[in-house]
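These are the residues of each chain, in order.
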Amino acid sequence: MSDIIKMKKDDLLPTGERSNFASGTHEASTWSGNMAWWLRPCLSCLLLFSLLFACKKKQAEPEIIVRVGTETLTVADLANEIPSQLRPNLTRSELQDYVVRWIDSQILYQEAKRRQLDQNHEVRRELRRLERELVVNTLLDQELNKPFGVSDQEINRYYAENRQSFVRNAREVHVWYVKVLKKETADSLVTALRKDGDFSRVARRYAPHDSSEWDLYLTEEETPPEIVNMVFTIMPGAISRPIQFYDGFHIFKMIEKFEPGSLRSLAQVRNEIIAKIQTEKRQERYKQLLAELKSNTVIEKNFHLLETLSVDSLVSSAAEKTEARK
C-alpha cells in the first residue's frame with residue numbers, strides 16, 4: 001500500500017527530484033507502517049476496556065423503585081430500611097405500602113425544606129438533640145453490648161447470696177408442652193403420648209417444635225386461668241386433654257409440682273442468674289467508661305447559678321424566647 005502511495009506522489013514531481021523524494025518517502029512510509037502495526041493492538045485493547053467499563057457502569061447503576069423530585073428510593077435502600085428479621089415474612093403488598101408511605105413522607109419533607117422549616121431554631125435544636133442521643137446510643141452499644149463472660153463461680157456465689165429472691169411465692173409447675181393446630185391431630189397426639197412414654201419422640205412426629213420449647217415452668221399468677229384450671233390439677237406423669245386456647249390446641253405433661261415457699265433450684269434459675277450478672281457488668285462498665293472520659297475532659301460547673309433560678313422562671317423565659325422567634 002505504501003508503494004502505491006509513493007508512486008502516485010512521484011508522478012506529481014519533476015523527474016530530477018523523484019529519486020530523492022522516493023527515498024525519503026519510503027523511510028517515512030516504513031516508520032508509519034511500523035507505528036500503525038504497533039498501535040493497532042493497543043487501540044483494540046483500549047476499545048475492549050472501554051466497552052467492559054461501560055458494561056460494568058451500566059450494571060452498577062442502582063435499581064430505582066421510585067423518584068420524588070431529586071430523591072430516589074432504590075432496591076438497596078428498601079432492603080436496608082427493613083430489619084433483617086422482618087424480611088422473610090413481608091408480603092408484596094406490605095412492601096408497596098411502605099413505598100407509598102415513603103413517597104408521602106418525601107413530598108412533605110421537600111415542601112418543608114422549600115419553606116426552610118429545617119432552618120427553624122426549634123427544629124435545629126431538636127435535630128441536634130436527636131443526633132446527640134443517636135451518637136451516644138451507638139457508643140454505648142459499641143461499649144456495652146460486648147459479650148461479658150460469667151463463670152460458674154460467679155453463678156454459684158450469686159445464687160448463694162440471693163437465695164431469698166428465688167423462693168416461690170405462688171404455686172408453680174414444671175411441664176412438657178406441645179401445641180398443634182387441629183383438634184383431630186391433638187386427640188391422636190394425646191392417645192400416642194399416653195401409650196408411649198417418650199414425649200420428645202412422639203411430639204416431634206406431630207408438631208414441628210424445637211425440643212427446647214417443650215420444657216416449661218408455669219407460675220399460677222402468670223398463667224391464664226384457663227390453663228391453670230386444666231393443668232395445675234393433674235398429677236405428675238399425667239397427660240392433659242387438649243386445651244383449646246387462642247392459636248391452637250395445647251397439651252401438657254406434668255413433670256413436677258412446687259408449693260409456695262419452696263426454693264427454685266440452681267439449674268432452673270441458671271440462665272436468669274447469668275442475665276442478671278451480665279446486666280451488672282454492663283452497668284459497671286458504663287460507670288467505668290464515664291469515669292475514664294471525665295478524667296480526660298475539662299468540666300466547668302457553676303451550680304451556684306441554679307440557686308437563683310426557679311422552675312417557673314425557666315419555663316416563662318423559654319416561652320418568651322420561642323414567641324420572639326416566631
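See the structure above.
The paragraphs below set out a description of the structure included in this document. (Residues numbered from 1 in each chain as written. Predicted model: local features only at pLDDT ≥ 70, side-chain atom pairs only at ≥ 80, totals over all residues. Heavy atoms only, no water.)

This part covers the nonpolar core. Here is a general trend for soluble globular proteins: nonpolar side chains tend to be buried in one another's company. One finds Val-178, Val-180, Leu-189, Leu-193, Phe-199 and Ile-251 to be the most contacted residues of the largest nonpolar core, which totals 15 residues. Per-element accounting of this core gives the leading share, 5 residues, to helix α7 (residues 183-195). Contact partners of Ile-251, with chain neighbours within four places excluded, come to Trp-176, Tyr-177, Val-178, Ala-186, Leu-189, Val-190, Leu-193, Ile-239, Ser-240 and Pro-242. With 13 residues, the next largest nonpolar core counts Leu-218, Val-231, Ile-234 and Phe-245 among its residues. (Core = buried A, V, L, I, M, F, W, Y, C linked by side-chain atoms within 4.5 Å. Buried < 20%, exposed > 50% of the residue type's maximum accessible area, 1.4 Å probe, protein only. Helix = DSSP H or I, 4+ residues; strand = E, 2+ residues; numbered from the N terminus. Contact = heavy atoms within 4.5 Å.)

With 4 bridges joining them, strand β1 (residues 64-68) and strand β2 (residues 71-74) adopt antiparallel strand pairing. Paired with Arg-67 across the strands is Thr-72, a residue of β2. (Pairing = 2+ DSSP bridges.)

Attention shifts here to the packing of helix α5 (residues 121-144) against helix α10 (residues 266-295). Between α5 and α10, whose axes approach to 10 Å, the crossing angle comes to 120°. When the interaxial angle is binned, α5 and α10 end up oblique. You can see that α5 and α10 cross each other, and the crossing is right-handed. Contact residues: Leu-140, Glu-143 and Leu-144 in α5; Arg-282, Arg-285, Tyr-286 and Leu-289 in α10. Tallied by class, the residues present in the contact of α5 with α10 amount to 4 nonpolar, no polar and 3 charged. (Axes fitted to C-alpha atoms, helices over the stretch in contact; angles between N-to-C directions. Parallel < 35°, antiparallel > 145°, perpendicular 65-115°, else oblique. Left-handed = near helix turned anticlockwise from the far one by under 90°. Nonpolar A, V, L, I, M, F, W, Y, C, P; charged D, E, K, R; others polar.)

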